[in-house]
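Residues per chain, in single letters:
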Amino acid sequence: MNELYQKHETEINEILSRYPENFKRSAIMPLLFLAQREKGFVPQEALAQIADITGVSETDVASVLGFYSLFQETPGGRYRIQVCTDLPCALRGSETYLKNLCEALGVKTGEITEDGLFSVEAVKCLAACHRAPMFQLQGDGEIKYYENQSVELTMQIIEGIRASVASEKEGKHG
Amino acid sequence: MGNYILLRHRDVADIDQLDGYRKADGFAAFEKAIKTMTPAEVTLEVKNSGLRGRGGAGFPTGVKWGFLPNNIWPHYVVANADESEPGTFKDREIMESNPFQFLEGLMLASYAVQANTAYIYLRGEFWQLANHLNQKIKDLENAGLLGEKIKGSNYSLKIYTHLGAGAYICGEETALLESIEGKMGQPRLRPPFPAVEGLYAKPTLVNNVETLTNLPPILQHGADWYRTLGTEQSPGVKVFCLSGCIKNPGNYELPLGTTYRDLIYNYGGGIVEDRAIKAVMSAGASSDIVVANDHTLDTPLAYETCLERLNSPLGSASVIILDETVDMAWLVSKTVNFFKHESCGKCTPCRDGTFWMNNIAGRIVKGSGKPEDVDLLKDVALQMQGKCLCALGEFSTMAVVSAVDRFRPDFEKHVRS
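Cut-offs applied
Residues numbered from 1 in each chain as written. Chains lettered and ligands numbered in written order. Predicted model: local features only at pLDDT ≥ 70, side-chain atom pairs only at ≥ 80, totals over all residues. Heavy atoms only, no water. pLDDT = per-residue confidence, 0-100. Contact = heavy atoms within 4.5 Å. Buried area = accessible area lost by both parts, 1.4 Å probe. Salt bridge = Lys/Arg side-chain N within 4 Å of Asp/Glu carboxyl O. Polar contact = N/O pair within 3.5 Å; in protein donor to acceptor, adjacent residues only side chain to side chain. Buried < 20%, exposed > 50% of the residue type's maximum accessible area, 1.4 Å probe, protein only. Helix = DSSP H or I, 4+ residues; strand = E, 2+ residues; numbered from the N terminus. Pairing = 2+ DSSP bridges. Right-handed = clockwise from strand over helix to strand, strands pointing away. Expected span 1.5 Å × (residues − 1). Phe/Tyr/Trp six-rings, centres within 6.5 Å; stacked < 30°, edge-to-face > 60°. Lys NZ or Arg CZ within 6 Å of the ring centre and 35° of its normal. Domains from an automatic or database assignment.

Another point: the confidence of the model for chain B. Mean pLDDT over chain B: 97, with 100% of residues reaching 70 or higher. Complex prediction metrics read pTM 0.96 and ipTM 0.94.

Take the interface of chain A and chain B next. With 41 residues of chain A at the interface, the matching set in chain B holds 57 residues. Three residues, Phe67, Leu87 and Lys124 of chain A, lead the burial of chain A against chain B; their summed loss comes to 17% of the area buried on that side. The interface formed by chain A and chain B contains 2 salt bridges. Close ionic contact of Arg92 of chain B with Glu147 of chain A constitutes a salt bridge, the shortest N to O distance being 3.0 Å. For the interface between chain A and chain B, the tally reads 17 residue pairs in polar contact (both at pLDDT 80 or more).

Bringing the pairing of strand β3 (residues 158-163) of chain B into the picture now. Side-chain direction in a regular strand flips from residue to residue, so the side chains alternate between the two faces of the sheet. Residue and element names in this part refer to chain B. Counting buried residues in β3 gives 5 out of 6 residues, a clear majority hidden from the surface. As paired strands, strand β2 (residues 117-122) and β3 are joined by 6 bridges and run parallel to one another. Bridge pairing in β3 links Thr117 to Lys158. Following the backbone out of β2, through helix α7 (residues 127-142) and into the adjacent parallel β3, one traces a crossover that is right-handed.

The next subject is helix α7 (residues 94-105) of chain A. Its 12 residues place the ends of α7 of chain A 16 Å apart at the C-alpha level, agreeing with the 16 Å of an ideal helix rising 1.5 Å per residue. Of the residues trailing α7 of chain A, Gly106 of chain A is marked for its positive phi of about 70°.

Turning our attention to the pairing of β2 of chain B. All names here are of chain B. Among the 6 residues in β2, 6 count as buried, and that is most of the element. Both faces of β2 are covered, namely the face carrying Thr117, Tyr119 and Tyr121 and the face carrying Ala118, Ile120 and Leu122. Two strands pair when backbone bridges link them, and strand β1 (residues 76-81) and β2 are joined in this way by 6 bridges, in the parallel orientation. Among the inter-strand pairings, Tyr76 is bridged to a residue of β2, identified as Thr117.

Right, let's talk about unusual backbone geometry for a bit. Apart from glycine, the bulk of residues carry a negative phi angle, and the bulk of peptide bonds sit in the trans form. Look at the link from Ala132 of chain A to Pro133 of chain A: it is a cis peptide, with omega at -5°. Positionally, Pro133 of chain A belongs in the loop between β2 (118-123) and β3 (135-139). Trp73 of chain B connects to Pro74 of chain B through a cis peptide bond whose omega is 0°.

Let's shift gears to the packing of aromatic side chains. A full pass over the atoms with the stated rule returns 21 aromatic pairs over all chains. Considering the side-chain rings of Tyr76 of chain B and Tyr119 of chain B, the 6.4 Å spacing of their centres and the 35° angle between planes classify their relative orientation as tilted. With Tyr76 of chain B in strand β1 and Tyr119 of chain B in strand β2, this pair connects stretches of sequence that are 43 residues apart. With a relative accessible area of 8%, Tyr76 of chain B lands in the buried category. What makes Tyr119 of chain B buried here is its relative accessible area of 1%. In textbook terms, an aromatic cluster arises when at least three aromatic residues are bridged by ring pairs, as seen for Tyr19 and Phe23 of chain A together with Tyr76, Tyr119, Tyr160 and Tyr200 of chain B. Positioned above the aromatic ring of Phe126 of chain B, the side-chain terminus of Arg123 of chain B is 5.7 Å from the ring centre.

Here we take up the environment of Ser94 of chain A. Residues and elements named next belong to chain A. Inspection of the secondary structure puts Ser94 in helix α7. Ser94 gets classed as buried once you look at its relative accessible area, which sits at 0%. Here the alpha-carbon distance between Ser94 and Asp140, two residues 46 residues apart in the chain, equals 25 Å.

Glancing now at the pattern of salt bridges. What the rule picks out here adds up to 40 salt bridges over all chains. The closest approach of N and O atoms between Arg162 of chain A and Asp115 of chain A, which form a salt bridge, is 2.7 Å. Here the residue Arg162 of chain A occupies a position in helix α8 (residues 151-173), and Asp115 of chain A occupies one in the loop between α7 and β2, the gap between them amounting to 47 residues. A residue is classified by how much of its surface remains accessible, and Arg162 of chain A, at 23% relative accessible area, is partly exposed. Taking the shortest distance from any N to any O, the salt bridge between Glu181 of chain B and Arg188 of chain B comes out at 3.1 Å. Neither Glu181 of chain B nor Arg188 of chain B differs from the other in exposure class; each is buried.

Quick look at the domain arrangement of chain A now. It is common to report an interface's size as the accessible area lost on association of the parts. Per the domain assignment, the segments of chain A are domain 1 (3-67) and domain 2 (79-173). Between the C-alpha centres of domain 1 of chain A and domain 2 of chain A there is a distance of 28 Å.

Attention now goes to the sheet that holds strand β5 (residues 237-244) of chain B. Residues and elements named next belong to chain B. Strand order in the open sheet formed by 5 strands is β6-β5-β9-β7-β8, with mixed pairing between adjacent strands. In this open sheet, the two edge strands, each paired with only one partner strand, are β6 (250-255) and β8 (290-291). As defined by bridge partners, strand β7 (residues 277-281) adjoins β8 across 2 bridges and the pair is classed as antiparallel. Across the sheet, Val280 pairs through a bridge with Val290, a residue of β8.

In structure tokens form, the structure reads like this:
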């Protein structure tokens, strides 16, 4: 079997065990999440690897990758700040919040901050309408919600992440 | 009994822990069912309770269960935890804070249709929630409540979570099944219905999280007790998600039949800055825009009354409040932009219709529209109606047609030459 499988054998076997033997294709989405974990996007070579594991064509895997918005095909910031600007959130000021947050970070939506750590996106409803403005943070294979936000609060969270990334780097050098 | 039937974590602090849930009568209903009731008896009790699907359609739950044929096996049960309708955030609170009651409901439904495998399909954004549920499922396996021959009975059940990855359409049950099968989330042609040919082409029951969470109390206290709550045609309680221009947004568990006025002014604390209310939407972005006059405010929120009095379905009871400052042209540009983004692209009326509605509404709001664009926008919506493969396309037209008809000046002020 291929490199992806060898690297995550136990986890991939566990994923496959959730579905009937003859429907391995069901594992495509969990495997795409797994392939995305390392770099924040699905690398090209993963398509063939996942196709190999699930017994479908590379095209089938690519169609799933392209259809769902949480699968990233291109590199972005290590952390993607995804602000909901749908109707209920917009009624609670999320559009203004997004605009001011972008200004505070010195980026436009879709752009990456100078340190390469963050990109900001407007996204669709995240089921947190009563606690807007809010955003989800997608990065390092995780997705976390931050609710009842102000730009000040969010900037504190961002500085916190920057500090932990910096100490992570120091740890590696030391 | 406490104040809550579904949001019981507001009564019982440690109900999210297995011990705490068991102390609060947790799994009494499930153990009673597998030890003393046949699957048909469980289904009959749910039928008698009059419980209707809480995902939006309001279809009688017990009747839906009865559609699974008994000569094709295995059966599957899928919990629809895709919660993606703008304005809806109830299933998230239930799964986060009262997870075992939801899981017990899923187990009861699985027993009733004799499924040995159940999946919980969560929207991908609920990544933390999926981890949380996986832990709770492990707790149940360790306690012998899930697995082979549960508690000495002949019944075996495994539950797995499956994460979506950001697609509103996967809340539609056939698109959801496609997604579990590892395909693009595009709705299937029906028939065959999922009850006959669903997941892996086997008989499959798909129920919403809130629907399932109703089952343990129904089985424990009985259908007659459940019918003492709510209205005759809409028995029981409902979690109303209140959002928009409201002082106290949030989830409110109330009997079906509670009026709009009570929900908004009594429970929700009234409109932000005490402004005047302009309109309401009862089913998130999929709603008509209903003018908030006295007739509307006095309407009981139940499946039959919303249809009879307002000609506008209750849906998922995701009530978005709109006050006098909300520009309906802007609102429509938001909802059609949502549907344009979420259209799966399979059928032409929806794919192209939402594209053009988004285009026209966008230029109206930007001030670059022409006076005839208002009618054109409505015309595109009307041409879509009745022609889309699934309800998403239909839903995308609701706000458009009702807003243009009822709040035309809001549109015209943008296009005056």
